[in-house]
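Residue-level listing of the chains:
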Amino acid sequence: MSFSDDEIERYARHLVLSEVGGPGQQRLKAARVAVVGMGGVGGPAALYLAAAGVGAVRLIDDDAVALSNLQRQVSFATSDIGRAKVEAGADALTALNPHVHIEPVAERLTGANAARLIKGCDVVIDGTDDFPTRFAVNAACVAAGVQLVSGALGRWSGQVGVFRGRPCYRCLTPGVPPDAETCARVGVIGALAGVVGSMAALETIKLITGAGEPLTGRLLIYDGLAGSSRVARIAADPHCPVCANG
């Protein structure tokens, strides 16, 4: 797979990295990544995937851009209010890197359509903010053997984890927490979305290129108020309804 002169200059800072180089950049160009949820996590993650030269990025979201999104969802502009998020996001990503093929899918991912929506993808980034969708994404990824990068945030803290088979996301979160809260209810500092989204993109790039040690089976927890982070290992649940018999 060859690169044009434009691509060689565009990805020059990747090409000189020993962990990426030409072979890693070729793997990025050949990859397809699905971003489920073009919100606070998915938006910045998608921007960095496009900037990195991921060959195809599939955007999955059924929502429209609202004014309250713009405090943290940096792939949208004021002029995008009312537009479908996947359409506005596709325009932003194409403007950033026309070499990347963007696949906007204006659907809400559910258990019924998840397998179809992630088909053909090498990695899925889940940036959604409701647990039924997260569970559906996880089940589809486990069934298809697709790598899952999960990002979440609220108030001043966020987390990123990588799941490849077992343990899976349901090992971490067996059911909907009784105290589950949304950003709309409890608030979130806008810049935190950029931190978590960027980390999700970084883990995805590592998975595709083979660079470094991804957060597989681990959860990175970031405290924005304290300016600190920690990494916790995720134990496989022997009774997990999704991956225990895999």
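Structure: above.
Attention in this report is confined to the structure presented alongside it. (Residues numbered from 1 in each chain as written. Predicted model: local features only at pLDDT ≥ 70, side-chain atom pairs only at ≥ 80, totals over all residues. Heavy atoms only, no water.)

What to know about the side chain of Glu203
What counts here: For the purposes of this entry, the term helix denotes a DSSP run of H or I that reaches at least four residues, the term strand denotes a run of E that reaches at least two, and both are numbered from the N terminus. Throughout, exposure labels follow a simple rule: accessible area from a 1.4 Å probe, protein chains only, divided by the maximum for the residue type, with under 20% read as buried, over 50% as exposed, and the rest as partly exposed. Identification of polar contacts relies on pairs of N or O atoms within 3.5 Å, with a donor-acceptor requirement for protein atoms, meaning one able to donate a hydrogen and the other able to accept it, and with residues adjacent in sequence counted only if both atoms are side-chain atoms. The contact criterion used throughout is that any non-hydrogen atoms of two residues lie within 4.5 Å.
Within the secondary structure, Glu203 is located in helix 10 (residues 190-209). The class for Glu203 is buried, based on a relative accessible area of 5%. A polar contact of 2.8 Å, which involves the side chain of Glu203, links it to the backbone nitrogen of Leu215. Ignoring anything within four residues of it in the chain, the contact list for Glu203 reads Val149, Val160, Val162, Pro214 and Leu215.

A closer look at the packing of aromatic side chains
Test applied: Centre distance within 6.5 Å is the pairing criterion for rings of Phe, Tyr and Trp, where only the six-membered ring of Trp is used; planes under 30 degrees apart are then read as stacked, over 60 as edge-to-face, and the remainder as tilted. Any Lys NZ or Arg CZ found within 6 Å of a ring centre and within 35 degrees of that ring's normal is scored as a charge over the ring.
Throughout the structure, instances matching the rule amount to four aromatic pairs. Ring geometry for Phe135 against Tyr169: centres 6.3 Å apart, planes inclined by 50°, an arrangement best described as tilted. One end of the pair, Phe135, is in helix 7 (residues 131-144); the other, Tyr169, is in helix 8 (residues 169-172), and 34 residues separate them in sequence. By relative accessible area, Phe135 is classed as buried at 12%. According to the relative accessible area criterion, Tyr169 is buried, its value standing at 4%. Put simply, the rings of Phe131, Phe135, Phe163 and Tyr169 touch in pairs and so form one group of aromatic residues. In this arrangement the basic side chain of Arg170 is found over the ring face of Phe135, its NZ or CZ atom lying 4.2 Å from the centre.

Structural notes on the nonpolar core
Heads up, the condition is: In plain words, nonpolar cores are sets of buried Ala, Val, Leu, Ile, Met, Phe, Trp, Tyr and Cys residues tied together by side-chain atoms within 4.5 Å.
In terms of nonpolar packing, the biggest core is built from 39 residues, with Leu49, Val54, Val57, Leu59, Leu93 and Val149 touching the most fellow members. The set of elements that each furnish at least two residues to this core consists of strand 1 (32-36), helix 4 (42-52), strand 2 (56-60), helix 5 (85-96), strand 4 (123-126), strand 6 (157-163) and helix 10. Here this core takes eight residues from helix 10, the largest share from any one element. Apart from the residues within four sequence positions on either side, Val57 is in contact with Val33, Val35, Leu49, Leu93, Val100, His101, Ile102 and Glu103. In this structure, Ala34, Ile60, Ala140 and Tyr169 belong to the second largest nonpolar core, which totals 22 residues.

Quick word on the environment of Val160
Mapping Val160 onto the fold places it in strand 6. Of the residues examined, Val160 reaches a relative accessible area of 0% and is grouped as buried. In this structure, the C-alpha to C-alpha distance between Val160 and Ile221, residues 61 residues apart in sequence, is 6.8 Å. Discounting chain neighbours no more than four positions away, the residues touching Val160 are Val149, Ser150, Gly151, Val196, Met199, Ala200, Glu203, Leu215, Arg218, Leu219 and Leu220.

What about the sheet that holds strand 6?
Applicable threshold: What makes two strands pair is DSSP finding at least two bridges between them. Here the axes come from fitting lines to C-alpha atoms, over the contacting stretch only for helices, and the angles between their N-to-C directions go from 0 to 180 degrees.
Pairing in this open sheet of eight strands is mixed, and the strands run 3-2-1-4-5-6-7-8 from one edge to the other. Looking at strand neighbours, the two that pair on one side only are strand 3 (101-105) and strand 8 (228-233), the edges of this open sheet. Averaged over all pairs of adjacent strands, the angle between their axes in this sheet comes to 15°, without regard to strand direction. For strand 1 and strand 4, the ladder comprises four bridges, and the chain directions are parallel. Opposite Ala34, over in strand 4, you have Val124 as the bridge partner. Taken strand by strand, helix 7 contacts strand 1, strand 4 and strand 5 (147-154), and its axis lies near 165° from that of strand 5.

Considerations on the packing of helix 3 (residues 21-30) against helix 10
The packing of two helices is summarised by the inter-axis angle and the distance between the axes. Just so we agree on the cut-off: Working rule for angles: under 35 degrees goes down as roughly parallel, over 145 as roughly antiparallel, 65 to 115 as roughly perpendicular, anything else as oblique. Each residue is assigned to one class: nonpolar for Ala, Val, Leu, Ile, Met, Phe, Trp, Tyr, Cys and Pro, charged for Asp, Glu, Lys and Arg, and polar for all the others, Gly among them.
Interaxial distance between helix 3 and helix 10 falls to 8 Å at its minimum, and their mutual angle equals 110°. What the angle tells us is that helix 3 and helix 10 run roughly perpendicular. Residues Gly24, Arg27 and Leu28 of helix 3 form the contact with helix 10, whose own contacting residues are Ile205, Ile208 and Thr209. Tallied by class, the residues present in the contact of helix 3 with helix 10 amount to three nonpolar, two polar and one charged.

Quick look at helix 3
One full turn of an α-helix is made of 3.6 residues, so residues set three or four places apart face in the same direction. Our working rule: As used here, the arc belongs to the directions running from the helix axis to the C-beta atoms.
Within helix 3 the residues assigned to the buried category are Gly21, Gly24, Gln25 and Leu28. All buried residues of helix 3 project into a common sector of 100° when viewed along the axis, lining one side. Structurally, helix 3 contributes buried residues whose contacts are with helix 2 (12-15), helix 4 and helix 10.

Looking at unusual backbone geometry
Following Arg166, the chain continues to Pro167 via a peptide bond in cis, the omega torsion being 0°. Note on placement: Pro167 falls in the loop between strand 6 and helix 8. Look at Arg155: it is not a glycine, yet its phi comes out positive at around 55°. Turning to its location among the elements, Arg155 is positioned in the loop between strand 5 and strand 6.

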